[in-house]
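Okay, here's what each chain looks like letter by letter:
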Amino acid sequence: LHSYEALAFIDKVYPHGCDYAIATVFYEEKGGVFDNTQWFNHCIRSLRQAIDNDEMRLAVTPELSSQGDIVSGEATLQWFSEDGKVYIYEEYLTAATANGLIVEIEKLFYTRFFRTLKKIDISKMRLKMFTVKISDRTIKEPGIAEYILELLERYSVDPSVIEFQITEDALWFDFRSVSMV
């Protein structure tokens, strides 16, 4: 397979992928032999290293109305790797969810995000609402609601400025559980 064929293959195997660039590099390093188990393990090791090396950074992306006004900000953790690459949440979501590492990543995110909201004066910002994602794996984590409520109280964050958005993977893989939440 050529690189573009490898990407097409990876897209079929992992439609939401850990990160196509990582997979392509891993594919090429192995001499064109693609092993999705090794690739998955490589993604998880890389994510674990990113957490341990404090490479996960808070990012807020403005969400616009149809008139072009900023109506909210989508807050996520992005992975800023040592080699200068930036990986957005959706690029590592599937592998991290399958492995369970997503719970740790999302807890890290909620702590950093709510702590940041405490430090800033939202009333002086154009953003009045923030969207944060929660995966199906995190929703199912025992005690997660209490954990989030404790953070909101600890950092004095008004819950009305936070809108939780269930990730697309949750709907894709487990619609019944998500619909019960």
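Everything numeric in this text was worked out from a predicted model, so none of it was measured.

Draft legend 1. Looking closely at the overall build of the protein chain. A count of helical and extended segments in the protein chain gives nine helices and five strands. Taken from N to C terminus, the helices and strands of the protein chain fall in the order α-α-α-β-β-β-α-α-β-α-α-β-α-α. Taking contacts inside the protein chain between residues at least 6 apart in sequence as the whole, the part at least 24 apart equals 64%.

Draft legend 2. Expanded view of the pairing of strand β2 (residues 70-80). Across the 11 residues of β2, eight count as buried, placing the element largely inside the fold. Looking at chain direction, strand β1 (residues 56-64) and β2 are connected through nine bridges and run antiparallel. Bridged to L64 within β2 is I70. Count of turn residues in the β1/β2 antiparallel hairpin: five residues, of which G68 carries a positive phi of about 90°. Relative to strand β4 (residues 130-134), β2 runs parallel, the two being bridged by three bridges. Counterpart to G73 in the pairing with β4 is F130. As defined by bridge partners, β2 adjoins strand β3 (residues 86-87) across two bridges and the pair is classed as antiparallel.

Draft legend 3. Quick look at the packing of helix α4 (residues 89-99) against helix α5 (residues 101-119). As a packed pair, α4 and α5 sit with axes 6 Å apart at the nearest point and diverge in direction by 130°. In terms of orientation, α4 and α5 fall into the oblique class. Residues Y89, Y92, L93, A96, T97 and N99 of α4 form the contact with α5, whose own contacting residues are L101, I102, I105 and E106. Its residues assigned to classes, the contact of α4 with α5 shows seven nonpolar, two polar and one charged.

Draft legend 4. Here's a closer look at the side chain of T111. Relative to the elements of secondary structure, T111 occurs in helix α5. T111 sits in the buried class, given a relative accessible area of 16%. Those residues in contact with T111, other than ones at most four positions away along the chain, are Y147, L151 and Y155.

Draft legend 5. Inspection of unusual backbone geometry at higher detail. In this model, D54 sits at a positive phi of 55°, which is unusual for a non-glycine residue. Here D54 lies in the loop between α3 (36-52) and β1. A positive phi angle is found at S156, which is not glycine, with a value near 50°. Assignment of secondary structure puts S156 in the loop between α7 (144-154) and β5 (162-166). Residue classification places S156 among the exposed residues on the basis of a relative accessible area of 59%.

Draft legend 6. Structural detail: the pattern of salt bridges. Tallied over the full model, the rule gives six salt bridges. A salt bridge links E74 to K133; the nearest nitrogen and oxygen atoms lie 3.3 Å apart. Of this pair, E74 sits in strand β2 while K133 sits in strand β4, and the two are 59 residues apart along the sequence. For E74, a relative accessible area of 16% puts it in the buried group. A residue is classified by how much of its surface remains accessible, and K133, at 6% relative accessible area, is buried. Each of the salt bridges in this network shares a partner with another, and the network as a whole consists of R48, D52 and E104.

Thresholds, definitions, all that
- Residues numbered from 1 in each chain as written.
- Predicted model: local features only at pLDDT ≥ 70, side-chain atom pairs only at ≥ 80, totals over all residues.
- Heavy atoms only, no water.
- Helix = DSSP H or I, 4+ residues; strand = E, 2+ residues; numbered from the N terminus.
- Contact = heavy atoms within 4.5 Å.
- Buried < 20%, exposed > 50% of the residue type's maximum accessible area, 1.4 Å probe, protein only.
- Pairing = 2+ DSSP bridges.
- Axes fitted to C-alpha atoms, helices over the stretch in contact; angles between N-to-C directions.
- Parallel < 35°, antiparallel > 145°, perpendicular 65-115°, else oblique.
- Nonpolar A, V, L, I, M, F, W, Y, C, P; charged D, E, K, R; others polar.
- Salt bridge = Lys/Arg side-chain N within 4 Å of Asp/Glu carboxyl O.

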